[in-house]
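Residues per chain are reported as follows:
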Amino acid sequence: MVIQTSDRRMQVYGALLLLPAAVLLGTFAYLPTVATLINSLFMPGFRGSPPEFVGFENYALLIEDRTFWQVARNNLLYALGTIPTAIALALGMALFVNRRLPGRGLVRMAYFTPTILPMIAAANIWMFFYAPQIGLFNKLLGALGIAGPNWLGDPGMALTSVIVMTVWKEAGFFMIFYLAALQSIPPELEEAADLEGTSRWSFFWRVTFPLLMPTTLFVLINALINAVRVVDHLFILTKGGPNNATNLLLYYVYENAFSFFDQTYAATITVVILLVLAVVATLKFRVLDPRTHYQ
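Residues numbered from 1 in each chain as written. Predicted model: local features only at pLDDT ≥ 70, side-chain atom pairs only at ≥ 80, totals over all residues. Heavy atoms only, no water.

## A word on the UniProt feature "transmembrane region" (unreviewed entry) in the chain
Okay, so step 1: UniProt's entry tags residues 12-31, 76-97, 109-131, 158-182, 203-225 and 265-285 with the feature "transmembrane region" (unreviewed entry), counted in the numbering of this structure.
Okay, so step 2: Secondary structure across residues 12-31 comprises 100% helix and 0% strand; the distance between its end C-alpha atoms is 25 Å.
Okay, so step 3: Structurally, residues 203-225 is divided into 96% helix and 0% strand, and its ends, taken at the C-alpha atoms, are 31 Å apart. (UniProt positions renumbered as here; feature names shortened; annotations may be inferred. Helix = DSSP H or I, 4+ residues; strand = E, 2+ residues; numbered from the N terminus.)

What follows is the structure in structure tokens.
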């Protein structure tokens, strides 16, 4: 009887410890998700009339929305351009600054500096770089006798220009995680490989990279989230233009909710984004996690 009372007290104590986190998670995650799902089933009312329940009609309209499919394609290209490039660059920078080299602290600081800049400030800096007439890039190209393009005004160049800025901003942040993971690898492994005459390339692929897989998985999830939640620097650089060439999913949600005042359609797009992220999370837990080596 005493043991059961003690266990019950521990359960109550544990529940009380979890209660603040559960309240915050429910208030700022689960309740907004449920409210968004409910809003996606309504049409906005006109002239003060209440919203009208329409079921899945918004989803049918979404399937027929050519702009949505263009935006989804843009977001896919944006993710394919930013995620592998930023991860590869971050890993390369981490391997470089993990070595003994003069001024290593300054090099690390230089790599990490873009990360500490607010995205709005970084976007304004790159807007100056991309300016057609007075921009840094076109000035450098002009000095070589090359006519520079309109980086943000050309539909064929605009999305690539945004991708380049994003990689510059994110690579230093991901580098920190790789650097910490590299420094946690036991040096005895490299010493044993040197005694065996193993090449650096073979040691990297057979030892270092497998041990970095948990970090790579963590960085991959963060890069994917960053690729979906792009709003701020699009607002500064292109506002989704030209001709929706740089319009991405979350910015399209912002446009529908606050520019077109169609919050129910914005909720519908948000639900679709959440479903896609849920599928990706399921693949992560079912496919990647079992193949990841954790120390």
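That covers the picture; the talk isn't over yet.
## Remarks on the confidence of the model for the chain
Okay, so step 1: Predicted confidence across the chain gives a mean pLDDT of 88, with 96% of residues reaching 70 or more.
Okay, so step 2: The element-level mean pLDDT for the chain is lowest in helix α8 (residues 187-196), coming to 80, with helix α3 (residues 66-97) highest at 94. (pLDDT = per-residue confidence, 0-100.)

## Quick notes on the packing of helix α7 (residues 158-183) against helix α10 (residues 213-228)
Okay, so step 1: Between α7 and α10, the least distance of the axes is 10 Å, while the angle of their chain directions is 165°. In terms of orientation, α7 lies roughly antiparallel with respect to α10. Between α7 and α10 lies a crossing of right-handed hand. Facing Glu170, Phe174, Phe177, Tyr178 and Ala181 of α7, the residues of α10 in contact are Thr215, Thr216, Phe218, Val219, Asn222, Ala223 and Asn226.
Okay, so step 2: Here the residues of the contact of α7 with α10 are counted per class, giving 7 nonpolar, 4 polar and 1 charged. (Axes fitted to C-alpha atoms, helices over the stretch in contact; angles between N-to-C directions. Parallel < 35°, antiparallel > 145°, perpendicular 65-115°, else oblique. Left-handed = near helix turned anticlockwise from the far one by under 90°. Contact = heavy atoms within 4.5 Å. Nonpolar A, V, L, I, M, F, W, Y, C, P; charged D, E, K, R; others polar.)

## Description of the environment of Leu211
Okay, so step 1: Looking at the secondary structure, you find Leu211 in helix α9 (residues 200-211).
Okay, so step 2: The class for Leu211 is buried, based on a relative accessible area of 18%.
Okay, so step 3: With 77 residues separating them along the chain, Leu211 and Ile134 place their C-alpha atoms 47 Å apart. (Buried < 20%, exposed > 50% of the residue type's maximum accessible area, 1.4 Å probe, protein only.)

## Description of the layout of surface pockets
Okay, so step 1: Taken as a whole, the largest pocket encloses approximately 710 Å³ of empty space.
Okay, so step 2: Leu95, Asn98, Glu190, Arg200 and Phe203 are, among the 21 residues lining the largest pocket, the residues nearest its centre.
Okay, so step 3: When residues of the lining of the largest pocket are traced back to their parent elements, those giving at least two are α3, α7, α8 and α9.
Okay, so step 4: Here the lining of the largest pocket gets 5 residues from one element, more than from any other, and that element is α9. (1 Å grid on protein atoms, 1.4 Å probe; cavity = no way out; pocket = protein on both sides within 12 Å on 5 of 7 lines; lining within 4 Å. Points joined across faces, edges and corners; volume = space filled by probe spheres on them.)

## Section: the UniProt feature "domain: ABC transmembrane type-1" (unreviewed entry) in the chain
Okay, so step 1: Within this structure's numbering, the places UniProt gives as "domain: ABC transmembrane type-1" (unreviewed entry) are residues 72-284.
Okay, so step 2: Strand forms 0% of residues 72-284 and helix 76%; the C-alpha atoms that close the span are 21 Å apart.

## Observations concerning a nonpolar patch on the surface
Okay, so step 1: A cluster of nonpolar side chains, contributed by Val12, Leu16, Leu19 and Val23, occupies part of the molecular surface with about 360 Å² of accessible area.
Okay, so step 2: With respect to the helices and strands, the residue Leu19 is situated in helix α1 (residues 2-39).
Okay, so step 3: Given a relative accessible area of 46%, Leu19 falls into the partly exposed group. (Patch = residues over 30% accessible without salt bridge, like charges linked within 9 Å, V, L, I, M, F, W, Y side chains within 5 Å. Areas by Shrake-Rupley, 256 points an atom, 1.4 Å probe, with all protein chains shown as cover. Salt bridge = Lys/Arg side-chain N within 4 Å of Asp/Glu carboxyl O.)

## Concerning the side chain of Asn138
Okay, so step 1: Examined against the element boundaries, Asn138 turns out to sit in helix α6 (residues 136-143).
Okay, so step 2: Excluding anything up to four places from it in sequence, Asn138 contacts Ala131, Pro132, Gly148, Pro149 and Trp151.

## Quick look at α3
Okay, so step 1: The end-to-end C-alpha distance of α3, which contains 32 residues, comes to 46 Å, matching closely the 46 Å that a straight helix rising 1.5 Å per residue would cover.
Okay, so step 2: Of the residues flanking the start of α3, the one acting as N-cap is Asp65, its side-chain oxygen 3.0 Å from the backbone nitrogen of Thr67. (Expected span 1.5 Å × (residues − 1). Polar contact = N/O pair within 3.5 Å; in protein donor to acceptor, adjacent residues only side chain to side chain.)

## A closer look at unusual backbone geometry
Okay, so step 1: The linkage connecting Gly241 with the following residue, Pro242, adopts the cis geometry, with an omega of -10°.
Okay, so step 2: Looking at where Pro242 falls in the secondary structure, it is placed in the loop between α11 (232-237) and α12 (249-259).
Okay, so step 3: Of note, the phi angle at Asn243 is positive, near 55°, even though the residue is not glycine.
Okay, so step 4: Assessed through its relative accessible area of 69%, Asn243 is described here as exposed.
Okay, so step 5: At Phe261, a position not held by glycine, the phi torsion is positive, near 55°.
Okay, so step 6: Relative to the elements of secondary structure, Phe261 occurs in the loop between α12 and α13 (263-288).
Okay, so step 7: Residue classification places Phe261 among the exposed positions, given a relative accessible area of 64%.

## A closer look at the packing of α3 against α7
Okay, so step 1: Relative to each other, α3 and α7 sit at 40°, their axes nearing to 6 Å. Classified by the angle between their axes, α3 and α7 sit oblique to one another. The handedness of the crossing between α3 and α7 is right-handed.
Okay, so step 2: For the contact of α3 with α7, the residue count by class is 21 nonpolar, 6 polar and 1 charged.

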